[in-house]
Amino acid sequence: MLQRLFSGILLVSLMASRPAHDFHASVTQMQYNVKERTFEISIRIFTDDFEKALTEASKSRVNLNGTVKYDPLIEKYVQSHFSYVNSQKQIKQIKYLGYEVETDAHWIYLEMPFTEPLRGGLLKQNTLMEMFDDQVNMVNVQYQGHKKTFVFRKNQPIQDISIE
């Protein structure tokens, strides 16, 4: 009887400490809008991982599925983890537009005015890398008929995203 009780407690504690998912990843879409001369950017990020990062950043509990809106906190977090510096070493301004909730993820929407060729610039996408050593951030770039995917990891959070 005591052994069964101990086994039950052990099983429950293992289940409770098990992560919601076994991998840490985000997907970013960067699509160039020729008419508007901007990159339309969306970042898909797992809600539970994002809540952990925002809780750590704000030093208070964040529940993204609650009624409280966290736009200023999300904007500040994204601005510090996602950026682009062009070939002239100028930091491009990225405008936070908002977010949308999906079942187990959040979509974060950004916009970046862009008038020069996409050549010789550096993109930083280190979202959640301060939280998870195995974090992988995939960035899909569509620019003037070209498509290219870049994979960002903790050892490579900044990359040249030239497309020719």
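Here goes a summary of the coordinates provided. Owing to the predicted nature of the structure, the values given are computational and were not obtained by experimental measurement.

**Description of the packing of aromatic side chains**
The description of two aromatic rings rests on the distance between their centres and on the angle between their planes. Scanning the entire structure with this criterion turns up nine aromatic pairs. On the basis of an interplanar angle of 80 degrees and a centroid distance of 6.3 Å, the ring pair of Tyr 32 and Phe 114 is categorised as edge-to-face. Highlighted residues: Tyr 32 in strand β1 (residues 25–33) and Phe 114 in the loop between β5 (105–113) and β6 (122–125), separated in sequence by 82 residues. Both residues of the pair, Tyr 32 and Phe 114, belong to the buried class.

**Some details on the sheet that holds strand β9 (residues 158–160)**
A sheet is described by the order of its strands in space; here three strands give the open sequence β3-β6-β9, paired in antiparallel fashion. Of all the strands in the sheet, the pair left with one neighbour each is β3 (82–85) and β9. Geometrically, the sheet is characterised by an average inter-axis angle of 20 degrees between neighbouring strands, direction not taken into account. Relative to β6, β3 is paired through four bridges, and the arrangement is antiparallel. In the sheet register, Ser 83 faces β6, and the bridge partner there is Lys 124. Packed on one face of the sheet, helix α3 (residues 71–81) meets β3 and β6 and runs near 40 degrees to β3.

Each value, and the rule that gives it
Residues numbered from 1 in each chain as written. Predicted model: local features only at pLDDT ≥ 70, side-chain atom pairs only at ≥ 80, totals over all residues. Heavy atoms only, no water. Phe/Tyr/Trp six-rings, centres within 6.5 Å; stacked < 30°, edge-to-face > 60°. Helix = DSSP H or I, 4+ residues; strand = E, 2+ residues; numbered from the N terminus. Buried < 20%, exposed > 50% of the residue type's maximum accessible area, 1.4 Å probe, protein only. Pairing = 2+ DSSP bridges. Axes fitted to C-alpha atoms, helices over the stretch in contact; angles between N-to-C directions. Contact = heavy atoms within 4.5 Å.

Keep in mind that these numbers describe shape and distance, not what the molecule does.
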